Amino acid sequence: LNTCFRMPLRTMMLSSLRVVIILVLRLVCAAVAGSVPGPGDGLWRPIAPEAVGLDGPTLWKAANEVAADLPPRNCWAVIRGGFLVHEEYYGGAGPATKYEADSAAKTAIALVMGVAWTKGLFDLDTPLAVYGVKPLATFTDDPRSMQYWPLLTTRHVLAQASGVGQWPPGKNFTYSSGNGIQHLERLLAVVTGSEDTTLWATENFAKPMGVPGLFIADGPQLSAGGGQLVSCRCLARIGQLLLNKGAWKRADGEGFELVSERYIDMMTSPSIPSLTAGYGFLLWLGFPGPTAKNVYCRWGSTPGCGAIVEEPTNFYKLDRRMYLAPGWMGKLLIVFPDDDLVVVTLGNTAVGSARCDMRYGTSSSDDSYAFMVVFSRLRETLRLAARAQPLVVQGSSVADSNPEQPKQDLSLGPLAHGDASPTAPAALGAPADAAGAQGRGSCTCYCAPDQGFGSCFAAPLGATGDEDCKDFGAVAGPMCPLVGLVQECETYNLTALQLNRAAAHAGPGAGEVLDACSPASQDGSMECHLVRGCEGGKSPLGLETYSTACVCQTKWVACTYASSPCNAADPYTPLVPLPLGGLNLTRKSRPAEVLLADRTDTGGWESAAVLTFGAFALLSLIVFYKVGLMVSRFSTARDGAYDPSAVAYAPF
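To start, this report covers the structure provided alongside it. (Residues numbered from 1 in each chain as written. Predicted model: local features only at pLDDT ≥ 70, side-chain atom pairs only at ≥ 80, totals over all residues. Heavy atoms only, no water.)

## Focus: the pairing of strand E15 (residues 442–446)
And then number 1: For E15, the tally of buried residues reaches four of five residues, placing the bulk of the element in the interior.
And then number 2: Pairing geometry for E15 and strand E20 (residues 559–562), over four bridges, is antiparallel. Across the sheet, residue Cys443 finds its bridge partner in E20, namely Tyr561. (Buried < 20%, exposed > 50% of the residue type's maximum accessible area, 1.4 Å probe, protein only. Helix = DSSP H or I, 4+ residues; strand = E, 2+ residues; numbered from the N terminus. Pairing = 2+ DSSP bridges.)

Listed below in structure tokens is the structure:
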């Protein structure tokens, strides 16, 4: 009371007004949301963070810290109370930009299976063989593995404990993104009576969720291992469905059960407790407490890495429950069920930790460390969420005032895979002989490291193998997006384990100072720039470690030959038209230095043409530089503000 009397009248009135506004906004939220939070099959509703107990500047600060910690980021979205409370986009991306979700989309597959289970189409513990599902190569490569096939159930596959034909089902955690998990799609085909499982998943899951294009690139057979194309907003819907315990709403605002609450409870609980406490149905789980036996998703063959690493202590000091759907290269869907919070961040960042070192090759990575970097930046937001009263949603459902389908989710939208997009051939102008080129074989070049997207070229006439495709790698490489490499620093001396690790793997010696650029510098396929070193600093986790970061542009990638032509409509590896009459490649391809021309330095007209073109190009660059400088100065004078979303990387 004394404090109130000492407070200036103007300050007290402003504080009271702020409280009233927040209370009104929260009442509006409750009235608009209806009985089921979330967008339903319509648009996300944006709302001020303060209306749901959060703080705008705090969210903005967290987003920018994560963007600096894990470069390069593409997008960031935060959901609370079923509303979009904050989002950020980087590098020219926007709400419609789609990225390959990799394994983060496995959680969506688990929910598709949940829809089928809710409809009573199968039982989790009935062997797949009983339904007439035929084993895939995982269980047929070795005759001995067939002894395990009659034992395999849907629960085993959803729990990533199929044994992949090498061990008894349910006895080992055997993470699979291939044939092992694809048995889910084969079961779906049998119990639905349709070989077009993508169509079934679209009609029964994607369309009601408001993302009808989610599986559009899968082909007739649903990709159970993930890899679908998503935006941050799209992936946030998956998190909201988990928060809703399977409830969703139609365009008229009426709620319905899309996935059974019982199934969601099983999905978000340890699927096989005797095996691991940290994995549900295609979903990673985290628990609070000083002795929580959490699991850490670390990949690779170097010491400390593995598909799943379980530790007896709460190593990262997790203080609340969480669900995690991680995807390759730093793609994260995080759900905090007790805080009614969903956070999505997508990027292209390989992450290593002191316990799972990436510096000897990007095939090793630590998704759990990437999560904990994000978690550390969210601590203040989570504190506010825990302190705020929960958003109570009462009253009858109301119709969505904007029931149109969200344009950002209706189609694939622009892909952030370099220049690779479904419309690339038409946009670039396919050459006149494109139809003829399609009759030839193809050269497919995937982006590094181990990405599922890239470019496709019509193979040279007479091509028969990968050797005939290698020159395309120098063309496809620069089309790939920037790659971030982040490695946790170590403030202690190298141990015997680390010395052995250095000796056992190619790359820097044990005595060398390592940084995040080390993996990319081994074969020269990337041009990298160190954006943060290990010279000082402190870990955002509050540990005695911190991280070094590097951003790389791909120079060349490996390409493979296939006798079949490119598929121009493939959003992952679309046909790239050849420039100005093609690359002029013969069957035995020439060095990459002469890819774009077929000139010989003989002193004839060819040399004169090259010199003339070079002079013209130099003059053009000077003119463009001057014009760009003028525009930059005008923009700075006009805006006069720093753009926090600008990428502070050295130009390539």
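There's more to say after this.
## A look at the packing of helix H4 (residues 106–118) against helix H8 (residues 232–243)
And then number 1: Running from N to C, H4 and H8 cross one another at 50°; their axes reach a closest spacing of 10 Å. Relative to H8, the element H4 is oriented oblique. The way H4 lies across H8 gives a crossing that is left-handed. Each of Thr107, Ala108 and Leu111 in H4 lies in contact with H8, whose residues at this interface are Ile238, Leu241 and Leu242.
And then number 2: For the contact of H4 with H8, the residue count by class is five nonpolar, one polar and no charged. (Axes fitted to C-alpha atoms, helices over the stretch in contact; angles between N-to-C directions. Parallel < 35°, antiparallel > 145°, perpendicular 65-115°, else oblique. Left-handed = near helix turned anticlockwise from the far one by under 90°. Contact = heavy atoms within 4.5 Å. Nonpolar A, V, L, I, M, F, W, Y, C, P; charged D, E, K, R; others polar.)

## Here we look at the sheet that holds strand E19 (residues 547–554)
And then number 1: Strand order in the open sheet formed by four strands is E13-E17-E19-E18, and the pairing between neighbours is mixed. In this open sheet, the two strands that pair with only one neighbour each are strand E13 (349–352) and strand E18 (526–532). The mean inter-strand angle of the sheet, taken between neighbouring strand axes irrespective of direction, is 20°.

## Quick word on unusual backbone geometry
And then number 1: The amide bond that connects Pro71 to the next residue, Pro72, takes the cis arrangement and shows omega of -10°.
And then number 2: Take Pro72: it is sitting in the loop between helix H3 (56–69) and strand E1 (73–80).
And then number 3: The step from Ala448 to Pro449 runs through a cis peptide bond, and the omega angle for that step is -5°.
And then number 4: Here Pro449 lies in the loop between E15 and strand E16 (454–458).

## Some points on H4
And then number 1: Between its terminal C-alpha atoms H4 stretches 18 Å, which fits the 18 Å expected from 13 residues at 1.5 Å a residue.
And then number 2: H4 sits mainly inside the fold: 12 of its 13 residues count as buried.
And then number 3: For H4, the set of buried residues is Lys106, Thr107, Ala108, Ile109, Ala110, Leu111, Val112, Met113, Gly114, Val115, Ala116 and Trp117.
And then number 4: Structurally, H4 contributes buried residues whose contacts are with helix H5 (154–158), helix H6 (179–192), helix H7 (197–209), H8, helix H9 (261–267) and strand E10 (322–327).
And then number 5: Where H4 ends, the next residue or the one after it, Gly120, has phi of about 80°, a positive value. (Expected span 1.5 Å × (residues − 1).)

## Brief notes about the sheet that holds strand E2 (residues 83–89)
And then number 1: Taken together, the six strands give an open sheet; going across it, the order is E2-E1-E12-E11-E10-E7, and neighbouring strands pair in antiparallel fashion. What marks the edges here is a single partner per strand, and that holds for E2 and strand E7 (284–286). Averaged over all adjacent pairs, the angle separating strand axes in this sheet is 15°, with direction ignored.
And then number 2: Where H3 meets the sheet, its contacts fall on E1, E2 and strand E12 (341–347), and the angle it forms with E1 comes to roughly 150°.

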